[in-house]
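One letter stands for each residue in the lines below.
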Amino acid sequence: MPLLATEQRHTTEVRRYPMLAYALVPLAALVLQAWLPRVLGPYAWFDLPLVVTVYFALDRRSPIQGTLMGAGMGLFEDALSHHAIGVNGVAKTMVGFLAASIGVRIDVENHTIRLVMNFLLSLLSSALVVFVSRILLGLDLEWRWFTALFTAIGNSLIAVILFPLLDRLQIRD
């Protein structure tokens, strides 16, 4: 009996990058994140390790790799900052997992989707940092919604510039 309808499988392309890019881009983001707030002071409304985590998690489309990337970036960022070790690790682990999980289901080639994803995941990361600090650790961390909003906007603007530059690093078959 002939098959009346064929199953169409939507295959998503997983991007590949040189190993040097996997090492140098996160390292540069961590170094700049540790150095630039000292120069800019209270006007440092960005989180470069988060932007890099979102980029690689969206493009690799593997929740495991996104989770590991977020955990590593968050823990190294905590080691270089004044936060308790693990606060950013938890937040970026969740963000990496969610970005990769969403990257499997939707087209992340669209720049508008990338921008919105970066904005929303940045807000989520800020909320998770406050939740872990205040509720789980009992630290006295004040929630400033406008700072979280400005950070999300700053991350989105950086992503608009950085994502096309990182796209040029990918290995094309």
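Residues numbered from 1 in each chain as written. Predicted model: local features only at pLDDT ≥ 70, side-chain atom pairs only at ≥ 80, totals over all residues. Heavy atoms only, no water.

## Brief notes about the overall build of the chain
Here is step 1 of the chain: Looking only at helices and strands, one finds six helices and zero strands in the chain.
Here is step 2 of the chain: Counting from the amino terminus, helix and strand elements in the chain follow one another as α-α-α-α-α-α.
Here is step 3 of the chain: Against the globule reference of 16 Å for 173 residues, the chain gives a C-alpha radius of gyration of 17 Å, in line with a compact fold.
Here is step 4 of the chain: Each principal axis of the C-alpha distribution contributes one length, and for the chain these read about 70 × 35 × 25 Å.
Here is step 5 of the chain: Burial analysis of the chain (173 residues in total) assigns 40% to the buried set.
Here is step 6 of the chain: Counted over contacts in the chain with a minimum sequence separation of 6, partners at least 24 positions apart contribute 71%.
Here is step 7 of the chain: Summing over all exposed atoms, the chain offers an accessible surface of approximately 10,400 Å²; the carbon and sulfur share of this is 68%.
Here is step 8 of the chain: Considering the chain, the positive charge centre built from 13 side chains and the negative charge centre built from 12 side chains are found 2 Å apart. (Helix = DSSP H or I, 4+ residues; strand = E, 2+ residues; numbered from the N terminus. Rg over C-alpha atoms; globule rule 2.2 N^0.38 Å. Buried < 20%, exposed > 50% of the residue type's maximum accessible area, 1.4 Å probe, protein only. Contact = heavy atoms within 4.5 Å. Areas by Shrake-Rupley, 256 points an atom, 1.4 Å probe, with all protein chains shown as cover. Lys, Arg positive; Asp, Glu negative; His and termini not counted. Charge placed at Lys NZ, Arg CZ, Asp CG, Glu CD.)

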